[in-house]
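The chain contents come next:
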Amino acid sequence: MKKFFLLSMALISIGFNSCGDDHDHENESELITSVVYTLTPSSGVPVVMTFKDIDGDGGKAPVITTSGSLKSTETYNGSLVLLNESVSPAVDITKEINAEDEAHQFFFEVTGALQGKVAITYEDKDSQNNPVGLKTKVKPSGTGTGKLKITLRHEPNKKASGVASGSIANAGGETDIEVSFDIEVK
């Protein structure tokens, strides 16, 4: 009888833990398999940066491409699209980020010979007037090659020093995805 009682208590305990997990879905991370950053100039052909890792972490290496070079004389309108393409039909994660814009912010870091030569500014804000980063303005001011790292943070401290202007140093939060693209400005 004592064994039956202990077994029953163990099963009840497991049941409560499972119910508790069901309430935590609100902050559950979504799988992001694809990131597309499109830079559209006022005239000419857009430059499209694409990251695809359909099988997620591990497995096959991601496919990362950049369709062309940027022009130092041009200003580009940037737009980001994030997808989960591991399922069919693909899930548009961008809509979820828009719906939860106060809990998300993108950060952009240019390194290499282009560090300090590509200005990326936010063109969208959440309901608290803080930047999100799904829409940006990109203005190169020099030539060369480098890397553009895009990081999506979940629950950053948007009021921390420098975060509103795009510095990730004090942002905190959790990284949902971080990708790097080769870029060239001519």
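Every chain is numbered on its own, with residues counted from 1 as its sequence reads. Where local features are concerned, this predicted model is filtered to residues with pLDDT of at least 70; where side-chain atom pairs are given and counted, the filter is 80 or more; whole-chain, interface and lining totals use all residues. Side-chain figures throughout are based on the complete set of non-hydrogen atoms in the structure, without hydrogens or water.

Participant: Can you lay out the nonpolar core for me, pointing to particular residues and giving the numbers?
Facilitator: Here is a general trend for soluble globular proteins: nonpolar side chains tend to be buried in one another's company. The definition of a nonpolar core used throughout is a set of buried Ala, Val, Leu, Ile, Met, Phe, Trp, Tyr and Cys residues joined through side-chain atoms within 4.5 Å. With a 1.4 Å probe rolled over the protein chains alone, any residue whose accessible area is under 20% of its type maximum counts as buried; one over 50% counts as exposed, and the rest are partly exposed. Among the nonpolar cores identified, the biggest contains 34 residues, and Tyr37, Leu80, Leu82, Phe106 and Ile150 are the most heavily contacted of them. When contributions to this core are tallied by element, the ones reaching two or more residues are strand S1 (34-41), strand S2 (47-52), strand S4 (76-84), helix H2 (93-99), strand S6 (104-112), strand S7 (118-122), strand S9 (144-154) and strand S10 (174-185). Note on definitions: a residue-residue contact is assigned when non-hydrogen atoms from the two residues lie within 4.5 Å. Those residues in contact with leucine 80 that sit more than four places away from it in its chain are Val35, Val36, Tyr37, Thr94, Phe106, Phe108, Gly133, Leu134 and Ile150. Comment: elements are numbered from the N terminus, with helices defined as DSSP H or I runs of at least four residues and strands as E runs of at least two.

Participant: Talk me through unusual backbone geometry; I want residue IDs and the actual numbers.
Facilitator: Here the bond from serine 88 into proline 89 is cis, since omega is 0°, no more than 30 degrees from zero. Mapped onto the secondary structure, proline 89 falls in the loop between S4 and strand S5 (91-92). If you check the backbone angles, asparagine 129 has positive phi at about 70° while not being a glycine. Here asparagine 129 is to be found in the loop between S7 and strand S8 (135-140).

Participant: Can you lay out the environment of aspartate 126 for me, pointing to particular residues and giving the numbers?
Facilitator: Inspection of the secondary structure assignment puts aspartate 126 in the loop between S7 and S8. Here the alpha-carbon distance between aspartate 126 and glutamine 105, two residues 21 residues apart in the chain, equals 9.4 Å. Apart from the residues within four sequence positions on either side, aspartate 126 is in contact with Asp101, Glu102, Val132 and Lys158. Pairs of N or O atoms within 3.5 Å make up the polar contacts considered here, provided that, within protein, one atom can donate a hydrogen while the other can accept it, and that residues adjacent in sequence are counted only when both atoms are side-chain atoms. A distance of 2.9 Å separates polar atoms of two side chains, one belonging to aspartate 126 and the other to lysine 158.

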